[in-house]
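# Understanding the architecture of this molecule
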Amino acid sequence: GAGVSQSPSNKVTEKGKDVELRCDPISGHTALYWYRQSLGQGLEFLIYFQGNSAPDKSGLPSDRFSAERTGGSVSTLTIQRTQQEDSAVYLCASSLWPPPEQFFGPGTRLTVL
Amino acid sequence: GNSVTQMEGPVTLSEEAFLTINCTYTATGYPSLFWYVQYPGEGLQLLLKATKADDKGSNKGFEATYRKETTSFHLEKGSVQVSDSAVYFCALSDQDGRDDKIIFGKGTRLHILP
């Protein structure tokens, strides 16, 4: 595709439910990043992938968060047993390697009730 | 570790005013520097970049000069417009250091009044 796409664009869920967020990077981009942007906050780095491996998982806030990437393309961010503090916009970005710049998707707005 | 510090917002200006958003960084290697912009309801997009000292990035009337001596990359525009209202993020990519990801500042929200 022409750009990074994410789905769903909006997700409303109940506390305790699991959610999956999807990211389709730009074709040919080997690096893929997940960030979280809470209201009034900056970008919080979560995890990045180089190919299918994740060299840096340091930003995942808890063990309820996990991510995978298959085929060097699509990535899924999974949040188990969601909590209200998980409510945020989750942004995905992709880039060539090394990362001269990142291209961002439109984000998924997650609301946990 | 690498880090980016930018001025806190919100910044409120009148149309046609001069804009400066300060950004300073710390890095172990030789970073590339970026400004990203997030317009209301949209995703982040690259505004401009500079890859080495003394480079000037420019786009849409915005400019920023890579100052190694002051470790700064301040964003400037001579005459802002209402359409420039957005959140601006300073960022660095340190390809020679230990960090393999882009580090973002916390963002500065800009409001331009007509």
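Described below are features of the structure shown in this document. (Residues numbered from 1 in each chain as written. Chains lettered and ligands numbered in written order. Predicted model: local features only at pLDDT ≥ 70, side-chain atom pairs only at ≥ 80, totals over all residues. Heavy atoms only, no water.)

### Thoughts on the overall build of chain A
Quick note on the threshold: Segments assigned H or I by DSSP are reported as helices when at least four residues long, segments assigned E as strands when at least two residues long, and all are numbered from the N terminus. Note on method: radius of gyration uses C-alpha positions; expected globular size equals 2.2 Å times residues raised to 0.38. Classification of residues uses two cut-offs on accessible area relative to the type maximum, computed with a 1.4 Å probe and protein chains only: under 20% is buried, over 50% is exposed, and between them is partly exposed. Any two residues whose heavy atoms approach within 4.5 Å are treated as being in contact. In this description, accessible areas are obtained by the Shrake-Rupley approach with a 1.4 Å probe, and a residue is regarded as covered only by the protein chains that are shown. This count recognises Lys and Arg as positive and Asp and Glu as negative, with His and chain-terminal groups excluded. Lysine's charge is taken at NZ, arginine's at CZ, aspartate's at CG and glutamate's at CD.
Along the backbone of chain A there are zero helices and 11 strands. Tracing chain A from N to C terminus, the helices and strands come up as β-β-β-β-β-β-β-β-β-β-β. Whereas a compact globule of 113 residues would reach a radius of gyration of roughly 13 Å, chain A reaches 13 Å, a difference of no more than 12%. Put simply, chain A has 113 residues, and 48% of those count as buried. Look at the contacts in chain A between residues 6 or more apart in sequence, and 54% of them connect residues 24 or more apart. Approximately 5300 Å² of chain A is accessible, and the part contributed by carbon and sulfur atoms is 47%. The averaged location of the 11 negative side-chain charges in chain A is 4 Å from the averaged location of its 10 positive side-chain charges.

### Comments concerning the pairing of strand β6 (residues 44-50) of chain B
Residue and element names in this part refer to chain B. Put simply, the test is: The criterion for strand pairing is that DSSP finds at least two bridges linking the strands in question.
Examined bridge by bridge, strand β5 (residues 32-38) and β6 share six bridges and lie antiparallel to one another. In the strand pairing of β6, F34 is matched with K49. Remark: five residues form the turn of the hairpin made by β5 and β6, two consecutive strands paired antiparallel; G41 in that turn has positive phi of roughly 75°.

### Some thoughts on the interface of chain B and chain A
Where we set the bar: Two parts placed together each lose some accessible area under a 1.4 Å probe, and adding up what both lose gives the buried area. A carboxyl oxygen of Asp or Glu within 4 Å of a side-chain nitrogen of Lys or Arg is what we treat as a salt bridge. Residues adjacent in sequence count toward polar contacts only when both atoms are side-chain atoms; beyond that, a polar contact is any pair of N or O atoms within 3.5 Å, and within protein one must be able to donate a hydrogen and the other to accept it. All residues other than Ala, Val, Leu, Ile, Met, Phe, Trp, Tyr, Cys, Pro, Asp, Glu, Lys and Arg, Gly among them, are scored as polar; the first ten of these are nonpolar and the last four charged.
Contact residues are listed per partner, giving 16 residues for chain B and 19 residues for chain A. In total, about 1400 Å² of surface goes out of reach between chain B and chain A, with carbon and sulfur atoms giving 57% of it. At the junction of chain B and chain A, the tally comes to zero salt bridges. Where chain B touches chain A, the interface holds two residue pairs in polar contact (both at pLDDT 80 or more). Of all elements in the fold, only β5, β6, β10 (86-93) and β11 (102-104) of chain B reach the threshold of two or more residues within the side of chain B that touches chain A. Taken together, the residues that form the side of chain B that touches chain A break down as seven nonpolar, five polar and four charged.

### Let's talk about the packing of aromatic side chains
As a reminder, the rule being used: Each Phe, Tyr or Trp ring, with Trp reduced to its six-membered ring, pairs with another whose centre is within 6.5 Å; inter-plane angles below 30 degrees give stacked pairs, above 60 give edge-to-face pairs, and intermediate values give tilted ones.
On inspection of all chains with the given rule, the structure shows 13 aromatic pairs over all chains. Centre to centre, the rings of A:F104 and B:F104 are 5.7 Å apart; their planes meet at 75°, and the pair counts as edge-to-face. Residue A:F104 is found in strand β10 (residues 103-104), and its partner B:F104 is found in strand β11; the two belong to separate chains. Considering the side-chain rings of B:F62 and B:Y88, the 5.6 Å spacing of their centres and the 40° angle between planes classify their relative orientation as tilted. Residue B:F62 is located in strand β8 (residues 62-65), and its partner B:Y88 is located in strand β10; the two are separated by 26 residues in the primary sequence.

### Concerning unusual backbone geometry
Following A:S7, the chain continues to A:P8 via a peptide bond in cis, the omega torsion being -10°. If you check the backbone angles, A:R81 has positive phi at about 45° while not being a glycine. Looking at where A:R81 falls in the secondary structure, it is placed in the loop between β8 (75-79) and β9 (88-95). Even without being glycine, B:E16 reaches a positive phi, approximately 75°.

### Section: the nonpolar core
Selection criterion: Here, nonpolar core means buried Ala, Val, Leu, Ile, Met, Phe, Trp, Tyr and Cys residues that are tied together by side-chain atoms lying within 4.5 Å of each other.
Within the largest apolar cluster, 27 residues are counted, with the highest numbers of intra-cluster contacts made by B:W35, B:L47, B:L48, B:F73, B:L75 and B:Y88. Contributions of two or more residues to this core are made by β2 (11-14), β3 (19-21), β4 (23-26), β5, β6, β8, β10 and β12 (108-113) of chain B. Looking at which element gives the most residues to this core, the answer is β10(B), with four residues. Setting aside residues up to four positions removed in sequence, B:L47 forms contacts with B:W35, B:Y36, B:V37, B:N59, B:K60, B:F62, B:L75 and B:Y88. Counting residues in hydrophobic clusters, the runner-up holds 19 residues, among them A:V4, A:I26, A:W34 and A:A88.

### Observations concerning the pairing of strand β11 (residues 108-112) of chain A
Residues and elements named next belong to chain A. Side chains T108, L110 and V112 of β11 all project onto a buried face; the interleaved residues R109 and T111 project onto a face where none is buried. Pairing of strand β2 (residues 10-13) with β11 involves four bridges; the strand directions are parallel. Across the sheet, residue N10 finds its bridge partner in β11, namely R109. The pairing of β9 with β11 spans three bridges and is antiparallel. Counted as the bridge partner of A88 is L110 from β11.

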